[in-house]
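# Report on the structure
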Amino acid sequence: RMRRWQVECRPDIDTFTPGLLALYESLKPSEEHKSNQQQLVDSLSKSVSKEWPNAQLHLYGSCANSFGTSHSDVDVCLEMETGSESIAEVLLKLADVLRTDNFDNVEAIISARVPIVRMSDPGSGFSCDICINNLFAVANTKLLKDYAQIDQRLLQLAFLVKHWAKLRGVNETYRGTLSSYAYVLMCINFLQLREPKILPCLQAMEQTYIMNVDGTECAYFDEVHQLQDFGAENKESIAELLWAFFHYWAFHHDYRRDVISVRTGNTISKQEKNWTTRVGNDRHLMCIEDPFETAHDLGRVVDRQTIRILREEFERAAAKLQNDDDPCVTLFEPY
Ligand code: GTP
Ligand code: MG
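In what follows, the accompanying structure is described. Just so we're clear, the structure is a prediction, and the values are computed from it rather than from any experiment. (Residues numbered from 1 in each chain as written. Chains lettered and ligands numbered in written order. Predicted model: local features only at pLDDT ≥ 70, side-chain atom pairs only at ≥ 80, totals over all residues. Heavy atoms only, no water.)

## Let's talk about the state of the cysteines
The criterion, for reference: A pair of cysteine sulfur atoms is labelled a disulfide when the two atoms are within 2.5 Å.
Counted by the stated rule, this structure contains zero disulfides. For the unlinked cysteine C201, the closest cysteine sulfur is that of C218, found at 14 Å.

## Side note on the site of ligand 1
Heads up, the rule is: The criterion for a residue being near a molecule or strand is simple. One of its heavy atoms has to lie within 4 Å of it. Counted as a polar contact is a pair of N or O atoms within 3.5 Å, where, for protein atoms, one must be capable of donating a hydrogen and the other of accepting one, and residues adjacent in sequence contribute only when both atoms are in side chains. Every accessible area reported is derived by Shrake-Rupley at a probe size of 1.4 Å, with residue values counting cover from the shown protein chains alone. Each helix is a run of DSSP H or I of at least 4 residues and each strand a run of E of at least 2, with the numbering of both proceeding from the N terminus. Side-chain classes follow a simple rule in which Ala, Val, Leu, Ile, Met, Phe, Trp, Tyr, Cys and Pro form the nonpolar group, Asp, Glu, Lys and Arg form the charged group, and the remainder, Gly included, forms the polar group. Residue ranges labeled as domains rest on an automatic or database domain assignment.
Inspection of the region around ligand 1 gives 19 residues, with S62, S72, N140, S180 and H296 positioned closest. Interatomic distance of 2.6 Å between a side-chain N/O atom of S72 and an oxygen atom of ligand 1. Between ligand 1 and K162 there is a distance of 2.9 Å, counted from an oxygen atom to a side-chain nitrogen or oxygen. When isolated, ligand 1 has an accessible area of 590 Å², and the protein chains bury 83% of it. Elements represented by at least two residues in the shell around ligand 1 include exactly α4 (135-148), α5 (152-167) and α6 (180-192). Considering each element in turn, the shell around ligand 1 owes the most residues, three residues, to α4. Along the lines of polarity and charge, the residues of the shell around ligand 1 split into four nonpolar, nine polar and six charged. When residues are assigned to domains, the shell around ligand 1 turns out to be shared by domain 1 (4-27 + 143-330) and domain 2 (31-136), each giving three or more.

## Overview of the coordination of the magnesium ion (ligand 2)
Reference values for coordination geometry: four tetrahedral donors around a metal ideally subtend 109.5 degrees, six octahedral donors ideally subtend 90 or 180 degrees. The cut-off we apply is this: Note that water is not among the atoms considered, so a metal site may appear incomplete; the donors listed are N, O and S atoms within 2.8 Å of the metal, with 3.2 Å applied to Na, K and Ca. With a 1.4 Å probe rolled over the protein chains alone, any residue whose accessible area is under 20% of its type maximum counts as buried; one over 50% counts as exposed, and the rest are partly exposed.
Protein-derived coordination of the magnesium ion (ligand 2) comes from D73 (OD) and D75 (OD), at a distance range of 2.1 to 2.3 Å. Judged by relative accessible area, which is 27%, D73 ranks as partly exposed. On the basis of relative accessibility, which here comes to 10%, the residue D75 falls in the buried class.

In structure tokens:
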């Protein structure tokens, strides 16, 4: 008898590709959604420039990395000179300015790893997070956007995985599961590891884009229009890839030993990163290296209980795709 992880993909897997692609299309944000987002950004930038005329406003996260759905929030980073003021003081002042300008539910969240002001737009109801001088987020947003332009299967896979994660309740960092950003990195790394490869490792190529953030160089090959055919030799369909993605995280990934690393286009060992023992609150049970902040493990939120939940969900997803008559429905059933 074959063991679970040696199972081959069902022969009729490709019959689910049209259904999955239709679902992907339905998740893409509408033109109306994009223009509402732009309006929010315009009114925000008006408010900000009154108090900080030299501040530059950058969009980051899924509203700018091309992995955003109609449900995604708007993430904004303000680049500015803070002088003698601390980030916390600036955020508290910003919260006042936004309240005065009639934004809703304005709240300064100072204690987070990345302190932000959160608010919502009275017109569209969008929720918006604003951080100050977090240029790593701006750099990784561009990296994700550039990867997305190389092979369309990345966007398709990542939209389906994000959608699955939201419906199955495993996209909540405050409850010990993974961020959207972590899921996208898992998709990129997975496609870097296919044979033949579907994505290259941009950080291992000639550096055509260099941005210095707090003394760390964020550099990679960004002339992605030259890489349009990169994945062409690999003919795998989105149904096969989705199946293989869940299969990898259910049965193949070595959770005890490995770290996934988009930076190297490979997995590396926990040993090499010194992520073998618990340091403070960082448990390193499921390790996802941030491509630029390499000391940052996006899996640090995962604990003994939530890693079990995650692995059970990966196994469930693999089983649905393997066995069900209508996996396009059952895979995404809310938990
Ligand atoms: P959705 O809003 O769920 O569509 O996805 P998103 O890509 O915007 O993810 P999220 O709002 O969770 O994060 C916003 C951005 O913050 C990411 O895209 C990254 O650029 C940046 N970021 C950097 N480090 C972290 C981290 O540790 N956790 C999260 N969540 N985001 C990070
Ligand atoms: Mg977001």
